[in-house]
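The primary structure of each chain is shown beneath.
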Amino acid sequence: MACLFVISTPIGNMEDISIRAINTLKHVDLILSEDTRETQKILSQHQIEVPQISYRDQNHSRVIDHIKSLLEQDKSVALVSDSGTPTISDPGFKLIRDIKLAGIPISSIPGPSAVITALSVSGLPTDNFTFLGFLPKKSSQMAKILLEFGGLATTLIMYESPFRVRKLLEEIHKNLGNRVVCVAKDLTKKFESVETAPIEHFLKPENALKEKVLGLVCDGTGWGSDGAVWGCEILQGDYHGFERLSHLKYLPDPGGDLNARKPYRMAMVYLLAALGES
């Protein structure tokens with residue numbers, strides 16, 4: 001039966017994949033992978049032999065007709081990202097949109113999600129939240145959004161690069177005060193750790209966040225208030241043709257251009273923010 005399955009995969013611990021996800025991957029006709037090498041690790045672990053093609057927003061226009069053609073032939077297709085739930089700051093929005101417009105069924109196979117994982121262990125309000133994605137890089141634009149949403153009694157979820165975490169913390173402190181933040185590191189992994197403290201704690205030189213930081217969580221109005229929460233996680237993966245490393249490392253641009261040093265893949269930090277009224 002023709003169907004596009006949106007399948008969640010582990011964010012760190014390979015044992016977190018669901019039985020339903022494994023069974024679905026075994027029986028689809030094609031897997032759309034953000035990075036086929038990352039997906040192959042899962043397929044090999046579970047003895048799954050299904051063809052893959054790379055799917056990213058950048059190549060959507062080149063592969064969408066092929067994908068639709070397969071589905072129209074009553075084939076089944078799976079969409080997976082490098083880790084976590086596809087389309088959540090990962091490729092897939094354009095694909096889901098076009099497949100829905102074509103009237104083809106889409107089914108979610110739920111599972112790990114980095115933002116929910118960080119939020120769930122933060123110890124801060126979780127009853128409602130709003131996702132803001134990546135904030136603008138410019139301080140003025142960042143401040144505008146923080147001030148606009150900072151007065152809401154809701155958890156605001158944001159994503160950020162690990163190399164701009166301190167800047168974001170400084171902007172939050174400047175615009176919203178000494179909110180409580182929780183730093184979650186290595187979520188779902190052996191050395192997972194979670195630390196919660198007022199934001200000024202993390203701005204002290206001796207407590208400076210390193211590149212390996214995986215989480216950031218901020219209470220909106222003070223400890224235990226009805227504000228909101230921050231959380232983040234760095235997801236490390238491959239950057240084009242390079243082999244995955246267990247730590248961040250700068251590498252030249254794949255095209256040979258050395259004018260911009262890039263982190264190994266674009267390791268993401270997931271920032272969940274709960275910004276209530278001050």
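What you are looking at is a predicted structure, and each value in this text was computed from that prediction instead of being measured. (Residues numbered from 1 in each chain as written. Predicted model: local features only at pLDDT ≥ 70, side-chain atom pairs only at ≥ 80, totals over all residues. Heavy atoms only, no water.)

Peer 1: Pulling in residues and values, what's your account of the overall build of the protein?
Peer 2: A count of helical and extended segments in the protein gives 8 helices and 13 strands. Across the 278 residues in the protein, those meeting the buried criterion constitute 50%. Residue pairs at least 24 apart in sequence account for 70% of intrachain contacts in the protein once pairs closer than 6 positions are excluded. By element, 53% of the accessible surface of the protein is carried by carbon and sulfur atoms, the whole surface being about 13,300 Å². (Helix = DSSP H or I, 4+ residues; strand = E, 2+ residues; numbered from the N terminus. Buried < 20%, exposed > 50% of the residue type's maximum accessible area, 1.4 Å probe, protein only. Contact = heavy atoms within 4.5 Å. Areas by Shrake-Rupley, 256 points an atom, 1.4 Å probe, with all protein chains shown as cover.)

Peer 1: Give me the lowdown on the side chain of Ser 122, citing residues and values where you can.
Peer 2: Inspection of the secondary structure assignment puts Ser 122 in the loop between α5 (114-120) and β6 (129-134). Residue classification places Ser 122 among the buried positions, given a relative accessible area of 4%. Side-chain polar atoms of Ser 122 contact the backbone oxygen of Leu 119, separated by 2.8 Å. (Polar contact = N/O pair within 3.5 Å; in protein donor to acceptor, adjacent residues only side chain to side chain.)

Peer 1: Tell me what's going on with the packing of helix α6 (residues 139-149) against helix α7 (residues 165-176), and back it up with residues and numbers.
Peer 2: Each pair of packed helices can be described by the angle between their axes along with the distance between the axes. Interaxial distance between α6 and α7 falls to 10 Å at its minimum, and their mutual angle equals 55°. The orientation of α6 with respect to α7, classified from their angle, is oblique. Along this stretch, α6 crosses α7, giving a crossing that reads as right-handed. Residue-level inspection shows Ser 139, Met 142, Ala 143, Leu 146 and Leu 147 of α6 in contact with α7, the latter providing Lys 167, Leu 168, Glu 171, Ile 172, Asn 175 and Leu 176. Considered class by class, the residues forming the contact of α6 with α7 number 7 nonpolar, 2 polar and 2 charged. (Axes fitted to C-alpha atoms, helices over the stretch in contact; angles between N-to-C directions. Parallel < 35°, antiparallel > 145°, perpendicular 65-115°, else oblique. Left-handed = near helix turned anticlockwise from the far one by under 90°. Nonpolar A, V, L, I, M, F, W, Y, C, P; charged D, E, K, R; others polar.)

Peer 1: If you had to explain the side chain of Ser 33 to someone new, which residues and values would you point to?
Peer 2: Its location among the elements puts Ser 33 in strand β2 (residues 30-33). Of the residues examined, Ser 33 reaches a relative accessible area of 0% and is grouped as buried. For Ser 33, the side chain forms a polar contact with the side chain of Gln 52, separated by 2.6 Å.

Peer 1: Could you give an account of the pairing of strand β1 (residues 3-7), with specific residues and numbers?
Peer 2: Counted residue by residue, β1 has 5 buried out of 5 residues, so it is predominantly covered. Burial along β1 is two-sided: the residues Cys 3, Phe 5 and Ile 7 and Leu 4 and Val 6 are all buried. Looking at chain direction, β1 and strand β4 (residues 76-80) are connected through 4 bridges and run parallel. Bridge assignment links Val 6 to a residue of β4, and that residue is Leu 79. (Pairing = 2+ DSSP bridges.)

Peer 1: Quick one: what's the story with the confidence of the model for the protein, residue by residue and with numbers?
Peer 2: The share of residues in the protein with pLDDT of 70 or more is 74%, and the mean pLDDT across the chain is 76. A low-confidence stretch, residues 211-278 (pLDDT under 50), is modelled with 268 contacts involving residues beyond four sequence positions or located in other chains. (pLDDT = per-residue confidence, 0-100.)

Peer 1: Describe the pattern of salt bridges, with residues and values.
Peer 2: On inspection of all chains with the given rule, the structure shows 5 salt bridges. Between Asp 98 and Arg 97 there is a salt bridge, with the nearest N and O atoms lying 3.0 Å from each other. Accessibility expressed as a relative area gives 18% for Asp 98, which makes it buried. Two residues, Arg 166 and Glu 170, come together in a salt bridge whose shortest N-O distance is 3.1 Å. Placement of both Arg 166 and Glu 170 in helix α7 is noted, with a separation of 4 residues, approximately one turn of the helix. According to the relative accessible area criterion, Arg 166 is partly exposed, its value standing at 38%. Residue Glu 170 is classed as partly exposed on the basis of its relative accessible area of 37%. (Salt bridge = Lys/Arg side-chain N within 4 Å of Asp/Glu carboxyl O.)

Peer 1: Which residues make up α6, and what values do they have?
Peer 2: Note: α-helices contain 3.6 residues per turn, so residues at a spacing of three or four share the same orientation. Residues of α6 that are buried include every one of Met 142, Ala 143 and Leu 146, and no others. Summarising the axial view, the buried residues of α6 lie within an arc of 100°, below the 170-degree limit, and thus occupy one face. Turned more than 90 degrees from where α6 packs its buried face, Ser 140, Lys 144 and Glu 148 sit exposed. As for α6, its buried residues are in contact with β7 (155-160) and α7. (Arc of directions from axis to C-beta.)

Peer 1: Can you tell me about the sheet that holds strand β5 (residues 106-109), naming the residues and giving the values?
Peer 2: Spatially, β3-β2-β4-β1-β5 is the arrangement adopted by the 5 strands of the open sheet, whose pairing is parallel. Of all strands in the sheet, those bounded by a partner on one side alone are β3 (52-54) and β5. Strand after strand, the sheet turns through a mean of 25° between neighbouring axes, direction not considered. Note: β2 against β4, 4 bridges, orientation parallel.

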